[in-house]
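Single-letter residue listing:
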Amino acid sequence: MARGRTLALVWLVAVALLLGHNGYLWLVKRIVPDTDIMALLPVQERDPILQRSFAHMVDAAQQRVIVLVGAAEWDGAKRAADAYAAVLAKHPDLFEAASAGANVQAEWLSLFQRHRLVLMSPAQQEQLQKEGTAFWTQQALAKLYAPFGGPKLGAWQDDPFGLFSGWVQERAQETPVRPRDGHLFVSGGGAEYVLLPLTLKVPALSMTAQDRVLPLLEQAVAAARQATPRAQVIQAGVILHAANASAQASREMHTIGAGSVAGIVLLMWLSFRTLKPIVLILLSIGVGVLGALSVCWLLFGQIHLMTLVFGASLVGVAQDYGIYFLCNRLSAGESLDSRALLKKLLPGLALTLLAAVIGYMGLALTPFPGLRQMAVFSALGLVFAWLTVVFWFPQLIGPRSLKSGALVHAYGAALARWPLLRANAGTWIAVALFGVAAAFGIAKLGANDDIRLLQNPPKHLVDDQIKLGKLLDAATPVQFFLVRGESPETVLQREEALKLRLDRLIAAGQLSGYQAISNWVPSARTQAERRALVDLKLLGPEGPLAAVARQAGEDAGWVKATADALRAAGTPLDVDAFMKAPASEPWRHLWLGKEEGEYASIVALRGLSMASVPRVRPLADGLAGVQWVDKVEEISSVLGRYRVNMGFVVLGAYCVVFVLLLPRYRGKAWRVIAPTALASVATLAILGYAGQNLQLFHVLALMLLLGVGVDYGIFMQEHPDRKDTTPWLAVGLAAANTLLAFGLLGLSNTPALQAFGLTMLLGTLLVWLAVPCFGVVTFNKEKENAEAIGIS
């Protein structure tokens, strides 16, 4: 007795420390749950450069918000855009807007003008190789005398043959956006748009930042529509999706948690007609959540919001231990004190905890950091709730503390009418029919491992993203080519080889273009070839430059001075110089630099459709150092592989749990585990008949179902006598609360959580229905069925 009180006091101190730590985290440190959806994605297992390339693309887009403000007329679009920008300009600590002034263009051109001799388009280089002196003389004269001979980027003698201006025009084709009246302009769909590229100065994935930024964006939209009543505002950015996911997860967390607690309170009241069991069950759950939060924070340094959503369903499992103790306390009456009762129940309670923890730890075998945290959070929550039951319940509940309500007697009486499986013809026929039905249902199961099932953004965000992508002809950040080499020069040469293949698809209409560092910085080999070609074909003593001078009345001194100035602008341009220049800012995410001892870059694609992917993917074949990256396909394949692997893990877990059950239950161990196994098979069959596609989260739910279902089997086998309805009551209360918790999870708008919740809902219901059928058959069955069934 004294030992029990000592342990209870020690646990009180531990809980006080947990409470203090949680108070520090939430009130002093003011922690904010992580909302980064990327934390739920698999970590790249094999290739750190590949992982870095994807992170590079994502990071480049994460802090940006792209806004298009449009109207039928340009003046209306400008008014609306200016009103929108004026709202955000009052908050320079949150937003940084890009400038579209004339000085920006001058800064942009300054670097390239110093290397203009080696900057020309591939088509111009080919033309330079084929055409003779007469052609290029006419080109230069036309540029000199024609009033509208193309864009002027400096004095005529700086670019007499238009090679540099042609290259600049080609670079401008990488985006449909153009400067206009001090704004960035794009048109489409019968509207004129002002582009407002914004950079966030606060973390896009921070809930605190989202709470500040989103209301301002709404105010800006209202201001734009007040300035131009029919203005169209298209917004896209990671922060918009993150804020929506945060709001959705918060709603679901509160719904699931509050619904589960309300269900527990109602069932406890109907069962025991007193508040004490309700308070004790909520106490064990509360300590479980406090412990899980504290230890997870210490282990991971942060808590993901989805962990809290998933952890809200922990309520439906953590109460099993308290319910089992309370039901046995009610059954024992005054014949056994609570400490002796605990000693009797402890082996079964320990096995239930072990089985549940094995189920949750199966989730930790996945490659998802977020899912691992969910598994650790849930397993820790169960351990802390279990310890609370073991240390405190015997001290707080005496033999006379509980009274059974009408629900207890009515529900207990149902056990007498439940069928028992016997080794007879009827049982074998039922088994055969079940096997056939289950086989047909499972055969109908498809598989869908698409990573996009992890989220379900609202339609207006998706529509805006699609419309903006079409108007801006933006490259996708999840499908691209990764190019590697032992030096920057090797990488640039390999990019150029890849672009020759991509040009054929552009000509065929399969792509609209590509973005690559070699567009801006040709390889040193290409620059040398162009420099030699210009010198040979254009700047020689009898070349086009001399011919132009003769027709323009200039002397040999002018020819020499002009040629020398052009040659001086033929110094090599390298990647380092480009990356330091303002002009590189939109393209810096394409250059990875030196990673793992080699250099790497990204070639991004514009106008890529799903139908074009099969033709684009093989372009990397046969090109050294070039690799096609499809992150959606890659992660989906990882999901598929882990779906299969986790299926084998589930089978292995059944074997492990069965071995753990053998020492205590011996020949009856199969009766403990069989209801859960059959319920899992039946759940898969029902999903098949319902036309569901199997995904990883269905299999993960089956792993958890093992831990939950075995609890019910243990409860029943600990009391094999059917006259004792204590375990049946414990199973009923535990299953009802689990059904409520995971039933609410099945209502989640996140497809992955919905699949998990639906599987747990079906599986738990089927285990509940099946577990009484596996009781031990007694010889005096008819007499037992004739007796009134109640809490003995």
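Please refer to the structure higher up on the page.
Within every chain, residues take consecutive numbers counted from 1 along the sequence as written. Whole-chain, interface and lining totals are the exception, using all residues; otherwise, since this is a predicted model, local features are given only for residues with pLDDT of at least 70 and side-chain atom pairs are given and counted only at 80 or more. Values shown for side chains rest on all heavy atoms present in the structure; no hydrogens or waters enter the calculation.

### Quick notes on the pattern of salt bridges
Salt bridges are defined as contacts in which a side-chain nitrogen from Lys or Arg sits within 4 Å of a carboxyl oxygen from Asp or Glu. The full count for this structure, using the stated rule, is 19 salt bridges. One salt bridge connects aspartate 158 with arginine 116, and the closest N-O pair in it is separated by 3.6 Å. With aspartate 158 in the loop between helix 6 (133-145) and helix 7 (163-172) and arginine 116 in the loop between helix 4 (102-113) and helix 5 (122-130), this residue pair connects regions lying 42 residues apart in the sequence. By relative accessible area, which is 31% here, aspartate 158 ends up partly exposed. Glutamate 174 is the partner of arginine 171 in a salt bridge, and the nearest nitrogen-oxygen pair spans 3.0 Å. With relative accessibility at 7%, the residue arginine 171 sits in the buried group. Where salt bridges share partners, they join Asp535, Lys560, Asp564 and Arg567 into one cluster. Secondary structure elements follow DSSP: runs of H or I no shorter than four residues count as helices, runs of E no shorter than two count as strands, and numbering proceeds from the N terminus. Each residue's exposure class comes from its accessible area (1.4 Å probe, protein chains only) as a fraction of the maximum for that residue type: buried when under 20%, exposed when over 50%, partly exposed otherwise.

### Points about the packing of aromatic side chains
Under the pairing criterion, centres of Phe, Tyr and Trp rings, with the six-membered ring standing for Trp, must be within 6.5 Å; the plane angle then separates stacked pairs below 30 degrees from edge-to-face pairs above 60, leaving the rest tilted. According to the stated counting rule, one finds 20 aromatic pairs in the structure shown. Centre to centre, the rings of tryptophan 136 and phenylalanine 161 are 6.4 Å apart; their planes meet at 85°, and the pair counts as edge-to-face. Note that tryptophan 136 is positioned in helix 6 and phenylalanine 161 in the loop between helix 6 and helix 7, a separation of 25 residues in sequence. As far as burial versus exposure is concerned, tryptophan 136 and phenylalanine 161 are alike and both buried. Ring-pair connections join several aromatic residues into one group, and the members of that group are Phe112, Phe164, Trp167, Trp520, Phe578 and Trp587. Distance and angle both matter: a charge sits over a ring if NZ of Lys or CZ of Arg is within 6 Å of the ring centre and within 35 degrees of the ring normal. Residue placement shows arginine 171 over the ring face of tryptophan 520; its charged tip is 5.7 Å from the ring centre. In this structure, arginine 180 packs its charged tip against the face of phenylalanine 185, placed 4.7 Å from the ring centre.

### Digging into the side chain of aspartate 473
Position of aspartate 473 relative to the elements: it lies in the loop between helix 17 (459-472) and strand 8 (475-485). Here the side chain of aspartate 473 touches serine 512 through a polar contact of 2.9 Å, side chain to side chain. Once residues within four sequence positions are removed from consideration, aspartate 473 is found in contact with Pro176, Ser512, Arg606 and Gly607. Throughout this description, a polar contact denotes any pair of N or O atoms lying within 3.5 Å of each other; where both atoms belong to protein, one of them has to be capable of donating a hydrogen while the other can accept it, and for residues adjacent in sequence the pair is counted only when both atoms sit in side chains. When checking whether two residues touch, look at their non-hydrogen atoms; a contact exists if any pair is within 4.5 Å.

### Some details on unusual backbone geometry
For residues besides glycine, phi is generally negative; the peptide bonds are generally trans as well. The backbone phi angle of aspartate 181 is positive, close to 55°, even though this residue is not glycine. Here aspartate 181 is to be found in the loop between strand 3 (178-180) and strand 4 (183-188). Backbone geometry places arginine 666, a non-glycine residue, at a positive phi of 45°. Mapped onto the secondary structure, arginine 666 falls in the loop between helix 25 (631-665) and helix 26 (669-689).

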